[in-house]
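Coordinate analysis (summary)
Chain by chain, the residues run as shown.
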Amino acid sequence: PLRYGGIRLDQRQQVTGLLRTWDDRFREALREHFPRDQAAVLADRYLAVLSAQYKTATEVPAAVRDVRCLEALVATRLPQVDLSNDAGDPRFTALRLYLLEEELVLSDFLPVLENLGLKVFSADPLDLVLPQAGRVRMHTFLVHDRAGQRLAVEAVAPLLAPALVLLHAGRIDNDPLNALILSADLSWRQVDLLRTYVNHGVQIGTAASRAALLQALVHAPDTARLLWQYFAEKFDPLKM
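Conventions and cut-offs
- In this convention, every chain numbers its residues from 1, walking through the sequence in written order.
- Local features in a predicted model are, by the rule used here, given only for residues with pLDDT of at least 70; side-chain atom pairs are given and counted only at 80 or more, and totals for whole chains, interfaces and linings are based on all residues.
- As a rule here, side-chain values come from all non-hydrogen atoms in the structure, and water together with hydrogens is ignored.
- Whether two strands pair comes down to DSSP finding at least two bridges between them.
- Numbering goes from the N terminus for both helices and strands, where a helix is a DSSP run of H or I of at least four residues and a strand is a run of E of at least two.
- Here, axes are lines fitted to C-alpha atoms. For helices the fit covers the stretch in contact, and angles between N-to-C directions go from 0 to 180 degrees.
- The criterion used for residue contact is that any of the two residues' heavy atoms lie within 4.5 Å.
- In this scheme, a crossing is called left-handed if the near helix is turned counterclockwise away from the far one by less than a right angle; it is called right-handed if the turn is clockwise.
- Under the convention adopted here, Pro, Cys and the residues Ala, Val, Leu, Ile, Met, Phe, Trp and Tyr are nonpolar, Asp, Glu, Lys and Arg are charged, and Gly plus all remaining residues are polar.
- Only protein chains enter the accessibility calculation, which uses a 1.4 Å probe. A residue is then buried if its area is under 20% of the maximum for its type, exposed if over 50%, and partly exposed in between.
- We define a polar contact as two N or O atoms separated by no more than 3.5 Å, with the added condition that, inside protein, one atom must be a possible hydrogen donor and the other a possible acceptor, whereas residues neighbouring each other in sequence contribute only through side-chain atom pairs.
- Residue count minus one, scaled by 1.5 Å, sets the expected span of a helix.
- As used here, the arc belongs to the directions running from the helix axis to the C-beta atoms.

**Quick look at the sheet that holds strand 3 (residues 80-84)**
Note: strands within a sheet are paired through backbone hydrogen bonds, in either parallel or antiparallel orientation. Read across the open sheet, the 4 strands follow the order 3-4-6-5; overall the sheet is antiparallel. Of all strands in the sheet, those with a lone pairing partner are strand 3 and strand 5 (118-130), marking the two edges. Neighbouring strand axes in the sheet, compared pairwise and without regard to direction, differ in orientation by 20 degrees on average. In this fold helix 5 (residues 60-76) packs onto strand 3, strand 4 (93-100), strand 5 and strand 6 (134-145), with an angle of close to 30 degrees to the strand it touches most, strand 4.

**Remarks on the packing of helix 6 (residues 106-115) against helix 7 (residues 153-169)**
Packing of helix 6 against helix 7 brings their axes to within 11 Å, and their N-to-C directions diverge by 145 degrees. Handedness of the helix 6/helix 7 crossing: right-handed. Facing Phe109, Val112 and Leu113 of helix 6, the residues of helix 7 in contact are Leu164, Leu167 and His168. When grouped by side-chain class, the residues that make up the contact of helix 6 with helix 7 number 5 nonpolar, 1 polar and no charged.

**Structural notes on unusual backbone geometry**
If a residue is not glycine, its phi is most likely negative; likewise, a peptide bond is most likely trans. In this model, Arg77 sits at a positive phi of 60 degrees, which is unusual for a non-glycine residue. Along the polypeptide, Arg77 turns up in the loop between helix 5 and strand 3. Backbone geometry places Asp185, a non-glycine residue, at a positive phi of 55 degrees. Note that Asp185 resides in the loop between helix 8 (180-183) and helix 9 (188-203). For Asp185, a relative accessible area of 46% corresponds to the partly exposed category.

**Here's the deal with the environment of Thr58**
Tracing the chain through its elements places Thr58 in the loop between helix 4 (52-57) and helix 5. In this structure, Thr58 is in contact with Trp22, Ala63 and Asp66, ignoring residues within four places of it in sequence. Only 2.9 Å separates the side chain of Thr58 from the backbone oxygen of Tyr54, close enough to count as a polar contact.

**Comments concerning helix 3 (residues 36-47)**
If you check helix 3, its first and last C-alpha atoms are 16 Å apart, about what 12 residues at 1.5 Å a residue would give, namely 16 Å. All of the buried residues along helix 3 are Ala39, Leu42, Ala43, Tyr46 and Leu47. Here the buried residues of helix 3 occupy an arc of 110 degrees about the axis, which is enough to place them on one side. Buried residues belonging to helix 3 abut helix 2 (22-33), helix 4, helix 5 and strand 5.

Everything listed is a geometric property; what it means functionally is a separate question.
Structure below.
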């Protein structure tokens, strides 16, 4: 085997790896995801505010995603959402919500997650103060779906993240129909269209209650998706 200074090269690499601190690995990871000059600025900015507790609890790849979301939060001043399966426990998906100068009332927000078909097993808040923005709160929720499985993040994140932002802002209804976002692979707009059907059904008396119509759709996600597809086909302007 190759030797360097009397030490096998693979052993030297192992020793070097052990000597690299979390900060060293964080700087290196940022250089892999951002231009070199920007990576250096970001490393200095966040290493100045990330606590030892955060570093102990957070793997470097997750920290890089946090940086991306925090930078988007600062730029837009709008809540950000991240989903990942690196929670450290193979049972759970980590759902992170990033808020700027805002408190989150857990008793209000947990029903939002439950109506999306998520079971929440823990909630962990972390506060950061960014000089260029102010106080940021990162909420990490460990969740899985109603079947007890982690989420297929790449498939569901484009549907779930925008819905969560709008639900947090109170711009769409928080009711059990939102479970169709995950169970029927529908966007929040498509679910909102089905909600219009439900409200119309209540008005014309097709069911005993609104709750009955909601449950009928929630318990039949394939039928709910077919109903959306029927609407889309019927009113597609290119086919009319």
